[in-house]
Amino acid sequence: MLFDDEFLRKLEGLRLAVRRSVSGRREGERLTRKRGGSAEFTSHRSYTQGDEFRAIDWNLYGRLGQLYVKEFTREEALPVRLVMDTSASMAPKFEFARRLGAALALVANQESPSIALAEMESLRIGAPFAIPTVPRGLAIVVSDLWDEGLRSQLLRLRSETAVIHVLSPEELEPPVTGKVRLIDSETGEGVVRYVGDQERAEYRRLLAEYCAAWKKWCFDREMNYLRCTSSTALEEIVQVYLREAGVLE
Amino acid sequence: MKFETPGALWALLSLLLLVLFSLWRQAAAKVTVPSLALWKQIPERNPPVRALRRPKWRFELLLQALAIAAAVAALAGPYRETSELKPRRIAIVFDTSARMRAGDRLRQAQDQALALISSKLRGDEVSFYGALPSPERLKTLAQAQPVDLHVELEPLLAAARAAADQVILFSDRPADGAHLGLLPAPSDNVGIVEFTATDEEVFVRIANHGPTRPIPIELSAGDVRIRDTIPPGRLVWSRRGDYSKAPSVRVSLAVSDSFPLDDAVEAVRLAEATTTVSVTGLLHPQVLRALRAVPGVALRTGEGSARVAVGVDAPPGPADLRIRLIPAASRLPGEAVIANHPLMLDLDKRAKELAQVCGELPPADRIGQPLITVGGKVAAVVNGKDVRLCVDIGDWGNSLPSLPIFFANAVDVARSGGSRLTVLRTGQPMALPPETTLDPPSEGALLMPDGSLVAHRVGEYGLRTPSGHRTVHANLLDERESDTAGIRRDLDWDPGSPTGREPKRRGYGGIAAGAALMLLVLAWLMQLRTE
């Protein structure tokens, strides 16, 4: 059991936010711009060649003498794809990321059951990580973003995307001092550095620049971006930060 | 615990260097980070000095420090003194000169040495040295046997000093740097210590360690045999005569003493005593007279084969040395310059005389090395075995001594110097005529690469020379005339005295060195494990 009842109740009041209209295959609670067979009238527009005759508002034609067609929106289920980074660098914060992903899955499943929670629980660290192509809907990527190749993979997503940048407290404030051999958790490569106050300050500055660069990159491409720390309470992230970032509403 | 070289303990300061170096180069702790992307952008730098104040003590550092301490201790030579006395390194040197035969002194020395070893040198490391004839460490006492030559003590003592703390010398003469056991020369010895023999004179100097008395002496030179007596108190004897025809000259003392090796000496002539000289051209009486005056010259006229050929205003005949005297039309003004050449031996003192009789050589005859130049003009040259000399024969032969000197030099050069009476002394090289070999080969003599002969034993040696087989006698001629004859002096050192003797030491340097090595290996293994 990942969550207690209280937390689950809080999740019930949340839903995934999308900036633009999205469409899915299954009917759901989301309105799409897809016309035809709709239950909810949206607006009129001038008739153009090729429009269905069924859509012409004959009453309006009778009053105004011009052809207008009615537009409807259709309620469809929001396709949601949750992409979890399982590379080795995620090890220190993987449990946090898994719980976050599960919470998001629960929220998404409230509209339409699209994410299997069992998949979330079966995720293991060290598995090859690649972002699948998501043609439409909403893609939520949970990663520490240390892989520079992620940018090109994110660009291939044609859906609306939310990037949740997860960092551990050790990444924010490395608990090392003195002469250390730093080993890359993924490549095994090592470098020797003397780490003092000067180096720690420099690291913090570089990390801030790194996060800022990701944030700008995401915003420039109309992606939601949220940086969070694995030590932060999940409830606070779900209730506050994801809402502020526009991932939930 | 004491140290042989306590100064080496200063090397412990290197521990400080080890600690500083270790702090500076502390082994880096391994830390796994999600990504090196940011760390790579941070430049590497050396730890600040303040970081050294927080040393990270490691076990291998302790092992290294202990290894250094053990190595320094090994260098310092730790030891503990025991109740036993330290064995001394003692060298007993025997003077193996031929003169030690007299009176059986070497045997006496060996007996004294044996007595010392079995009493006062018990437990010490004793070695023996002698000259056989070069300085050598002897394996046994019995190897100390006299050689037939004079032994220089200094190299012998130097070899002994290099391997011993104390040196005992048994000799009949004192020497520095050794405890002397003086074995005096017997007081009856009479011997020849100096000998020279020329074609005109024989000279000997004798040493008499016995009572003053008349000493019978005998000289044999070819057919000449002379018996004489050296009066009491006199130590030199000489006799003039014509020994130029004698192949050897032998002088002996008719005495009966304890050391007969120095009672007889002999000089030998290695080349023919007679040299044939031919004269062609004008038979000038002064030239013939000067040639006849040279000892050992057989003169003949005409062009027959000879050792030296002289042509007076005519080509000389075939010979090993051909001299052509060219009459001088006029004398040269200026001073004569005489070249340094065997043909001009002693003539430099007669330069003024030669300047009065020499003329300039015709251009065709000036080829070769100038022998005489007068006022810058060449008067005599030598070209291989041809000599050209432009001279006024009449004036030169007018009782001027330079003429016979020149011919004597010419005959000597033609003989290659081998016709002189030569004295061979043991241990000293003697020049031999070219292409001379030892026949039969002898262990007592060596033919040196420069062609000289060195004999180490008194006696006869056969030589094959270009002019035939010769027998040469090696003479002792030890010029050392002992001033200790009849004086006996016991060893001037008591080896049995405990004064100055050091206690035996038990050293721990080896253990310390082994421990250092072991600790070093352990530290290395620890470091490997850490990495």
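Right, let's walk through the structure included here.

Parameters and conventions
- Each residue is numbered by its place in its chain's sequence as written, counting from 1.
- Lettering of chains starts at A and numbering of ligands starts at 1, both following the order in which they are written.
- Side-chain atom pairs in this predicted model are given and counted only at pLDDT of 80 or more, local residue features only at pLDDT of at least 70, and totals for whole chains, interfaces and linings cover all residues.
- Think of the side-chain values as coming from all heavy atoms in the structure, minus any hydrogens and water.
- Two strands are counted as paired when DSSP detects at least two bridges linking them.
- Counting from the N terminus, the helices are the DSSP runs of H or I reaching at least four residues and the strands are the DSSP runs of E reaching at least two.
- A fitted line through C-alpha atoms serves as each axis, taken over the contacting stretch for helices, and the angle formed by two N-to-C directions is quoted from 0 to 180°.
- Here, nonpolar core means buried Ala, Val, Leu, Ile, Met, Phe, Trp, Tyr and Cys residues that are tied together by side-chain atoms lying within 4.5 Å of each other.
- Exposed residues in this analysis have more than 50% of their type's maximum accessible area, buried residues have under 20%, and partly exposed residues fall in between, with area computed by a 1.4 Å probe over protein chains only.
- We call two residues in contact whenever any of their non-hydrogen atoms come within 4.5 Å of each other.

Looking now at the sheet that holds strand E17 (residues 297-301) of chain B. Backbone hydrogen bonds are what pair the strands of a sheet, in a parallel or an antiparallel way. All names here are of chain B. Taken together, the 8 strands give an open sheet; going across it, the order is E17-E16-E18-E19-E23-E22-E21-E20, and neighbouring strands pair in mixed fashion. Pairing within the sheet leaves two strands with one partner each, and these edge strands are E17 and strand E20 (336-338). Here the strands of the sheet are splayed against their neighbours by 20° on average, with no regard to which way each runs. As paired elements, E20 and strand E21 (residues 369-374) share 3 bridges and run antiparallel to each other.

The nonpolar side chains of soluble globular proteins are, as a tendency, buried together. Residues Val310(B), Ile323(B), Leu325(B), Ile372(B), Trp396(B), Phe406(B) and Phe407(B) are the most contacted members of the largest nonpolar core, which totals 42 residues. The element contributing the most residues to this core is helix H8 (residues 402-415) of chain B, with 6 residues. The residues contacting Ile372(B), other than those within four sequence positions of it, are Val337(B), Ile338(B), Met344(B), Leu354(B), Cys358(B), Lys377(B), Val378(B), Ala379(B), Ala380(B) and Leu389(B). Among the nonpolar cores identified, the runner-up in size contains 37 residues, and Phe94(A), Cys228(A), Leu242(A) and Leu248(A) belong to it.

What follows is about the environment of Thr229(A). Residue and element names in this part refer to chain A. Along the chain, threonine 229 turns up in strand E9 (residues 224-229). Overall, threonine 229 belongs to the buried group, its relative accessible area being 16%. Along the sequence, threonine 229 and leucine 167 sit 62 residues apart, while their C-alpha atoms lie 5.0 Å from each other. If near-sequence neighbours (up to four positions away) are discounted, threonine 229 is found in contact with Phe96, Leu167, Ser168, Pro169, Leu172 and Ile237.

Following Asp439(B), the chain continues into Pro440(B) via a peptide bond in cis, with omega recorded as 0°. Despite not being glycine, Leu145(A) has its phi angle at roughly 60°, a positive value. Mapping Leu145(A) onto the fold places it in the loop between strand E5 (138-143) and helix H5 (150-156). Residue classification places Leu145(A) among the buried positions, given a relative accessible area of 0%.

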